[in-house]
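A structural walkthrough
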Amino acid sequence: MYKKLRGTVPRPHLHRPQTPPLTLMTVSALPLAPQRSSNSSSTSPTPSTPTSSSPGPPPTHPSPSWTSQSPSQEVQLRNGTVAFQTWKNPPPPIYMQFYFFNVTNPEEVLNGGKPFVEEKGPYTYREYKPKENVTFLDDGQKVSAVTTKTYVFVPELSNGDPETDLIRTVNIPVVTLMNMVRYSSVQILLLKALLIAERAGIFTTRTVHKLLWGYKDPVLSAIHFLEKDVDDYFGLYYKMNKTDDGEYVFLTGQKSYKNFTTIVEWRGNNSLDWWTTDACNMINGTDGTSFHPLITKNETLLFFSSDLCRSLYANFEQELSVKGIPVLRFVPPSEIFANITVNPENAGFCVPAGNCLGSGLLNVSTCKQGAPIILSSPHFYQADQKYIDDIEGMHPDKANHETFLDINSLTGLLVRAAKRVQINVYIEPIAGFDQTETIQTLVFPVMYLNESVLIDNASAAKLNSMLLQSKVVTVIPFMIMGLGILFGLIFVILVCTNRNEINEASEAERTPLLKPS
């Protein structure tokens, strides 16, 4: 009944067999791409929620031994290498922090007023993401795998209790359904009657836990009775715990170290089909968790993000030190999400073609089953000032809201990183729905996340030791060469000094003691 979507939010055109026809519940923040469960039925009505107990510490890994062979030789995805073990089971702890925006003046917003929001959080979860179903292909030149993500709540790193903290925010299922039926007068009447019966509106109040991991929505439940493809549960991370985002095929680095962990396929395809140009549909680089060794400052690092439904890149910004480890910081430039007037190459991300947003935003409705989801950096960092001014409570800050990668250039290891993404909902007046008649057209912030990793002390000590050994091994030949040159100079000086002494000897001293008669 509610399957046709027209207008500013286009109907998706996915052709992937794993993706259900309509899954409002798969709208999420970091793992925003449609995902499948690796250990449970995809049709289960019970949302998978984080456990309170840890699945255990990750396995320890041997320290790198690149003193006997170069990083380009050691960094390959093959059994027995440190690179393979680290890639398969990342040892540094990964944390996912969720921040929600609580709306404090919903009635004023419905009457055309400016929204006031207050930030709540963080709600912190330990994230485990081992590679599973690892299979080597093409004589070891490629390897396929899925990354199963598991989240465990960490109360001591959180500010609040997700089970009890209430958040008033945009009712994403209702706004999505309004957009989907907006051009059918019959469906508008049916949906209006359903919203009145269920007392559902533009805003809803739920606990953080339900907003993240799922709750049974009364409106979706009524539609589910008629359309079984529509799940009656909704959550930003519903069915995202203990799941993966599909199978990847990577290059192992066997032929060239620069191809280390480069993605060649995702879900059986070597390109996307969501965007309107071939360049925008390309799958480039790695998955952002590993990079090749011997990185230089003038490189552009490429990586693909399934949650953002596109490839990205990062440029060198500055040299830093993390726990004594020298790193190069790379950051995605603002031009990645710039308006086409600033970066014409972004025209392919305008959906439908020609329907372009301002700088700092990405419309991902085409890969989110039609939900009017707009992604940005937290607090609209690097976005047009208009979006910041439209919402009271936005305070963009580079230190807290920028995505960055701190990489050791010799090994290519990710020493510290933060991936920061904000979920917004596009709301506007929709004819036929009284609730939206006087509302402003807004990109409304719902929540943002900070997925971060920092090398642990034990791994940092091992890496520092390896780097020191590498420096020593590199310096020893030059030390020997230097000593050789020094001894050579001393020898030359001694020879020259001896010659001078001979030349300065007196004539008498040079006269033979025995003269011929």
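Residues numbered from 1 in each chain as written. Predicted model: local features only at pLDDT ≥ 70, side-chain atom pairs only at ≥ 80, totals over all residues. Heavy atoms only, no water.

Notes on the overall build of the chain
For the chain, the count of helices and strands is 11 helices and 21 strands. Relative to its 517 residues, the chain shows a buried fraction of 51%. The contacts in the chain between residues at least 6 apart in sequence include a share of 69% that link residues at least 24 apart. (Helix = DSSP H or I, 4+ residues; strand = E, 2+ residues; numbered from the N terminus. Buried < 20%, exposed > 50% of the residue type's maximum accessible area, 1.4 Å probe, protein only. Contact = heavy atoms within 4.5 Å.)

A word on the packing of helix H4 (residues 172–181) against helix H5 (residues 185–198)
Interhelical geometry of H4 versus H5 gives an angle of 160° and a closest axis separation of 9 Å. By the angle class used here, H4 and H5 are roughly antiparallel. When you trace H4 past H5, the crossing you get is left-handed. Across the interface between the two elements, Val174, Leu177, Met178 and Val181 of H4 pack against Gln187, Ile188, Leu191 and Leu195 of H5. Looking at the contact of H4 with H5, its residues break down into seven nonpolar, one polar and no charged. (Axes fitted to C-alpha atoms, helices over the stretch in contact; angles between N-to-C directions. Parallel < 35°, antiparallel > 145°, perpendicular 65-115°, else oblique. Left-handed = near helix turned anticlockwise from the far one by under 90°. Nonpolar A, V, L, I, M, F, W, Y, C, P; charged D, E, K, R; others polar.)

Topic: the pattern of salt bridges
Applying the stated criterion across every chain yields a total of 16 salt bridges. Measuring nitrogen to oxygen at the nearest pair gives 4.0 Å for the salt bridge that ties Asp232 to Lys216. Taken together, the positions of Asp232 in the loop between helix H7 (218–226) and strand S10 (233–234) and Lys216 in strand S9 (residues 215–216) put the pair 16 residues apart, joining distant regions of the chain. Here Lys297 makes a salt bridge to Glu319, at a shortest N to O gap of 2.4 Å. Of this pair, Lys297 sits in the loop between strand S13 (263–266) and strand S14 (300–305) while Glu319 sits in strand S15 (residues 310–322), placing them 22 residues apart in sequence. (Salt bridge = Lys/Arg side-chain N within 4 Å of Asp/Glu carboxyl O.)

Looking at the state of the cysteines
Tallied over the entire structure, the rule returns two disulfides. A sulfur-sulfur distance of 2.1 Å marks the disulfide that ties Cys309 to Cys367. On the S-S bond that ties Cys309 to Cys367, the torsion sits near 85°, and the link is right-handed. One end of the pair, Cys309, is in the loop between S14 and S15; the other, Cys367, is in the loop between strand S17 (361–363) and strand S18 (373–376), with 58 residues separating them in the sequence. Side by side, Cys309 and Cys367 carry an identical accessibility label, which is buried. (Disulfide = S-S within 2.5 Å.)

Considering the confidence of the model for the chain
This prediction gives the chain a mean pLDDT of 84; 77% of its residues lie at or above 70. Scored below 50 in pLDDT, residues 1–47 makes 160 contacts in the model with residues more than four places away or belonging to other chains. The model gives residues 53–68 a pLDDT under 50, and that stretch makes 28 contacts with residues more than four places away or in other chains. (pLDDT = per-residue confidence, 0-100.)

Quick word on the packing of aromatic side chains
Counted under the stated rule, the structure contains 22 aromatic pairs. Taking the centre distance of 6.0 Å and the plane angle of 35° together, the rings of Phe84 and Trp87 count as tilted. Of this pair, Phe84 and Trp87 both sit in helix H2 (residues 82–88), three residues apart, roughly one helical turn. Relative accessible area serves as the criterion here: at 3%, Phe84 is assigned to the buried category. Their ring planes at 85° and their centres at 5.6 Å tell us that Trp87 and Phe250 sit as a pair that is edge-to-face. Highlighted residues: Trp87 in helix H2 and Phe250 in strand S12 (residues 248–251), separated in sequence by 163 residues. (Phe/Tyr/Trp six-rings, centres within 6.5 Å; stacked < 30°, edge-to-face > 60°.)

Looking at the environment of Lys142
Note on placement: Lys142 falls in strand S5 (residues 142–147). With relative accessibility at 26%, the residue Lys142 sits in the partly exposed group. Distance in space between the C-alpha atoms of Lys142 and Arg78 is 9.7 Å, their sequence separation being 64 residues. When neighbours within four sequence positions are excluded, Lys142 is seen to be in contact with Thr135, Phe136, Leu137, Val249, Phe250, Leu251, Thr252 and Val264.

Considering H7
All of the buried residues in H7 are Val219, Leu220 and Ile223. Viewed end-on, H7 has its buried residues packed into an arc of 90°, placing them on one side of the element. At the N-terminal boundary of H7, the capping side chain belongs to Asp217, with an oxygen 3.0 Å from the backbone nitrogen of Val219. (Arc of directions from axis to C-beta. Polar contact = N/O pair within 3.5 Å; in protein donor to acceptor, adjacent residues only side chain to side chain.)

Section: the pairing of strand S4 (residues 131–137)
Within a regular beta strand, the side chains point alternately toward one face of the sheet and then the other, so they alternate between its two faces. Taken together, the five bridges between S4 and S5 define a ladder with antiparallel strand orientation. When the bridges of S5 are listed, Lys131 appears paired with Thr147. Hairpin geometry of S4 and S5 is characterised by an intervening segment of four residues between the two adjacent antiparallel strands and by a positive phi of about 50° at Asp138. (Pairing = 2+ DSSP bridges.)

Quick look at the nonpolar core
In terms of nonpolar packing, the biggest core is built from 107 residues, with Phe100 and Tyr237 touching the most fellow members. If you tally residues by element for this core, the top one is strand S21 (residues 442–454), at eight residues. (Core = buried A, V, L, I, M, F, W, Y, C linked by side-chain atoms within 4.5 Å.)

Remarks on unusual backbone geometry
The amide bond that connects Gly121 to the next residue, Pro122, takes the cis arrangement and shows omega of 10°. Tracing the backbone through its elements, the reader meets Pro122 in strand S3 (residues 117–128). In this model, Asn133 sits at a positive phi of 55°, which is unusual for a non-glycine residue. With respect to the element layout, Asn133 can be found in strand S4.

Re the sheet that holds S5
With antiparallel pairing, the four strands of this open sheet are ordered in space as S4-S5-S12-S13. Among the strands making up the open sheet, the edge pair consists of S4 and S13. Across the sheet, the mean angle separating the axes of adjacent strands is 20° when strand polarity is ignored.

Observations concerning the packing of H5 against H7
Contact geometry of H5 with H7 gives a least axis separation of 10 Å together with a crossing angle of 130°. Put simply, H5 runs oblique to H7. Both H5 and H7 take part in a crossing whose hand is right-handed. Facing H5, whose interface residues are Leu191, Leu194, Leu195 and Glu198, H7 presents Pro218, Val219, Ala222 and Ile223. Across the contact of H5 with H7, the residue classes break down as seven nonpolar, no polar and one charged.

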